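Residues per chain are reported as follows:
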Amino acid sequence: MAVRHVEPYTEEWRQQPAFYVSRVVEALGDEVRDWWQGPCDPRTVTILLAGDDALVWDEESGWRRGRYVAGDRDTLTVLADARYLGGGLLLRPERLPSAVVDARAGVGNSTAWRPCYRSYRHYRDGFDLALNGYVAYAGA
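In this text, all values refer to a predicted model and were calculated from it rather than measured experimentally.

Thresholds applied
Residues numbered from 1 in each chain as written. Predicted model: local features only at pLDDT ≥ 70, side-chain atom pairs only at ≥ 80, totals over all residues. Heavy atoms only, no water. UniProt positions renumbered as here; feature names shortened; annotations may be inferred. Helix = DSSP H or I, 4+ residues; strand = E, 2+ residues; numbered from the N terminus. Buried < 20%, exposed > 50% of the residue type's maximum accessible area, 1.4 Å probe, protein only. Polar contact = N/O pair within 3.5 Å; in protein donor to acceptor, adjacent residues only side chain to side chain. Contact = heavy atoms within 4.5 Å. Pairing = 2+ DSSP bridges. Axes fitted to C-alpha atoms, helices over the stretch in contact; angles between N-to-C directions.

A short note on the UniProt feature "domain: DUF6292" (unreviewed entry) in the protein chain
Argument step 1. Mapped onto this numbering, the UniProt entry annotates "domain: DUF6292" (unreviewed entry) at residues 20-100.
Argument step 2. The distance separating the terminal C-alpha atoms of residues 20-100 is 17 Å; by composition the span is 17% helix and 48% strand.

So, in structure tokens, the structure goes:
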């Protein structure tokens, strides 16, 4: 099978994270109230959780959890008391529920320090190929 790169800033490229996040939403189950993709540079996704918690994912630092303050599809989400979950950019979806519990408790891999796993400007670093694995899963 040939490796197929998706051109940056196309609609297909913008939608890539949605397939991964849909698996995360599935893993979180009833705790999810709503979710949306946010602005680019870097690509972001917000998941509103029960209560006033939210998860935010971006393609540079992965997942963080905090108290939802503001944000929508057109503006970056603002969190209070954010803690990064660790585990890389594409933490396994089935791992997210326990990572959220750890972050709420301030234990485990969670940290207040923002990791930087990559730059959103590095279009051909292999990250989009990893996201494509979730696209293939959705099509199966």
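Anyway, onward from the coordinates.
Remarks on the side chain of Thr 46
Argument step 1. Relative to the helices and strands, Thr 46 is located in strand S2 (residues 44-49).
Argument step 2. On the basis of relative accessibility, which here comes to 2%, the residue Thr 46 falls in the buried class.
Argument step 3. At a separation of 2.5 Å, a polar atom in the side chain of Thr 46 contacts the side chain of Thr 77.
Argument step 4. Every residue in contact with Thr 46, bar those within four places of it in the chain, is listed here: Asp 34, Trp 35, Trp 36, Leu 55, Val 56 and Thr 77.

Details of the sheet that holds strand S3 (residues 53-58)
Argument step 1. The sheet built from five strands is open, its strands ordered S1-S2-S3-S4-S5 with antiparallel pairing. Looking along the sheet, the strands with just one partner apiece sit at the ends: strand S1 (32-37) and strand S5 (75-84). Strand-to-strand twist in this sheet, taken as the mean axis angle between neighbours without regard to direction, amounts to 35°.
Argument step 2. Bridge count between strand S4 (residues 62-72) and S5: six bridges; the pairing is antiparallel. Considered in S5, the bridge of Arg 64 is made with Tyr 84.
Argument step 3. Packed onto the sheet, helix H1 (residues 11-28) meets S1, S2, S3 and S4 and runs at close to 170° relative to S1.
Argument step 4. This element, helix H2 (residues 96-105), spans S2, S3, S4 and S5 of the sheet and lies at about 70° to S4.

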